[in-house]
Amino acid sequence: MRDRTKKTAFLGVLTAAALLLSYVESLFVLAPGIPGIKLGLANLAVVLCLYRYGWREAAALNLVRILLSSLLFGSFFTMAYSLAGAALSFGAMLAGKRSGRFSVLGGVFHNLGQLLVAMALLGTAWAGWYVPWLLAAGCVTGIFIGACAKAVNRYLPILR
């Protein structure tokens, strides 16, 4: 029972951290003139959860984070973009986890998911001109979040 309580508490801390990072990230624009490019700081909590517990817990954390941050700091459109990006990103991270490069895949596929939603909402492929920028940004942010997750994971107590 004690291990289950620790796990629940740690997942609560990760959820709170993800919400705080979502808020901090909403305060600044990373790439002026190119909407939608962010570091993805809140995804750090999801990657940590995936490292420590597995896909079920990480998927639940991701969903709760998106719903709460969209309600608190965003809108319906924010939620639509985030859910699409998170779904593709999470699938790519699961597929690439064994290779050790799942954070890079996550960053790229998150941006592609958001692009697909933008094209669907706009009803045009015009938003496709973002692809090179989003792929580059996804690689950079994926590497950054992966490196941060690895560093943070090393210093957190082992809670399994």
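Small disclaimer: the values here were computed from a predicted structure and weren't measured.

Rules used in this analysis
- Residues numbered from 1 in each chain as written.
- Predicted model: local features only at pLDDT ≥ 70, side-chain atom pairs only at ≥ 80, totals over all residues.
- Heavy atoms only, no water.
- Disulfide = S-S within 2.5 Å.
- Salt bridge = Lys/Arg side-chain N within 4 Å of Asp/Glu carboxyl O.
- Helix = DSSP H or I, 4+ residues; strand = E, 2+ residues; numbered from the N terminus.
- Phe/Tyr/Trp six-rings, centres within 6.5 Å; stacked < 30°, edge-to-face > 60°.
- Buried < 20%, exposed > 50% of the residue type's maximum accessible area, 1.4 Å probe, protein only.
- Polar contact = N/O pair within 3.5 Å; in protein donor to acceptor, adjacent residues only side chain to side chain.
- Contact = heavy atoms within 4.5 Å.
- Axes fitted to C-alpha atoms, helices over the stretch in contact; angles between N-to-C directions.
- Parallel < 35°, antiparallel > 145°, perpendicular 65-115°, else oblique.
- Left-handed = near helix turned anticlockwise from the far one by under 90°.
- Nonpolar A, V, L, I, M, F, W, Y, C, P; charged D, E, K, R; others polar.
- Core = buried A, V, L, I, M, F, W, Y, C linked by side-chain atoms within 4.5 Å.

Engineer: Talk me through the state of the cysteines; I want residue IDs and the actual numbers.
Structural biologist: Within this structure, the stated rule accounts for zero disulfides. Cysteine Cys139 remains unbridged, with the sulfur of Cys148 as its closest cysteine sulfur at 16 Å.

Engineer: Tell me about the pattern of salt bridges, and name the residues and values.
Structural biologist: Under the definition given, this model contains one salt bridge. Salt-bridge contacts for Lys7 lead to Glu57; the nearest nitrogen and oxygen are separated by 2.5 Å. One end of the pair, Lys7, is in helix 1 (residues 2-26); the other, Glu57, is in helix 3 (residues 55-73), and 50 residues separate them in sequence.

Engineer: Break down the packing of aromatic side chains for me, with residues and values.
Structural biologist: In the structure shown here, the tally under the stated rule is four aromatic pairs. An angle of 70° between the planes, with centres 5.7 Å apart, marks the rings of Phe76 and Phe77 as edge-to-face. Given the relative accessible area of 59%, Phe76 is considered exposed. Seen from their ring centres, Trp126 and Trp129 are 6.3 Å apart, and the 65° between their planes marks the pair as edge-to-face. Accessibility expressed as a relative area gives 56% for Trp126, which makes it exposed.

Engineer: Kindly report on the side chain of Glu57, identifying the contributing residues and their values.
Structural biologist: At a separation of 2.5 Å, a polar atom in the side chain of Glu57 contacts the side chain of Lys7. In this structure, Glu57 is in contact with Lys7, Leu11 and Cys49, ignoring residues within four places of it in sequence.

Engineer: Account for the packing of helix 2 (residues 43-52) against helix 6 (residues 131-155), naming residues and giving values.
Structural biologist: Between helix 2 and helix 6, the least distance of the axes is 9 Å, while the angle of their chain directions is 55°. Regarding the angle of helix 2 to helix 6, the classification is oblique. The handedness of the crossing between helix 2 and helix 6 is right-handed. Contacts between helix 2 and helix 6 pair Asn43, Leu44, Val47, Leu48, Tyr51 and Arg52 from the former with Ile145, Gly146, Cys148, Ala149, Lys150, Val152 and Asn153 from the latter. Classifying every residue of the contact of helix 2 with helix 6 gives eight nonpolar, three polar and two charged.

Engineer: Please give an account of the packing of helix 2 against helix 4 (residues 76-96) that cites residues and values.
Structural biologist: At their nearest, the axes of helix 2 and helix 4 sit 12 Å apart, and the two run at 35° to each other. In the crossing of helix 2 with helix 4, the sense of the turn from one axis to the other is right-handed. Here Val46, Val47 and Leu50 of helix 2 lie close against helix 4, whose contacting residues are Phe90, Met93 and Leu94. Taken together, the residues of the contact of helix 2 with helix 4 sort by class into six nonpolar, no polar and no charged.

Engineer: So, the nonpolar core: which residues are in play, and what are the values?
Structural biologist: If you look at the biggest cluster of nonpolar residues, it comprises 20 residues, and the most contacted ones within it are Leu14, Val46, Cys49, Ala58, Leu61, Phe90 and Met93. For this core, the element with the highest residue contribution is helix 2, accounting for seven residues. The contact partners of Cys49, leaving out residues within four places of it in the chain, are Leu11, Leu14, Gly54, Glu57, Ala58 and Leu61. Counting seven residues, the second-largest nonpolar core is a separate cluster that includes Ala118, Ala127, Tyr130 and Leu134.

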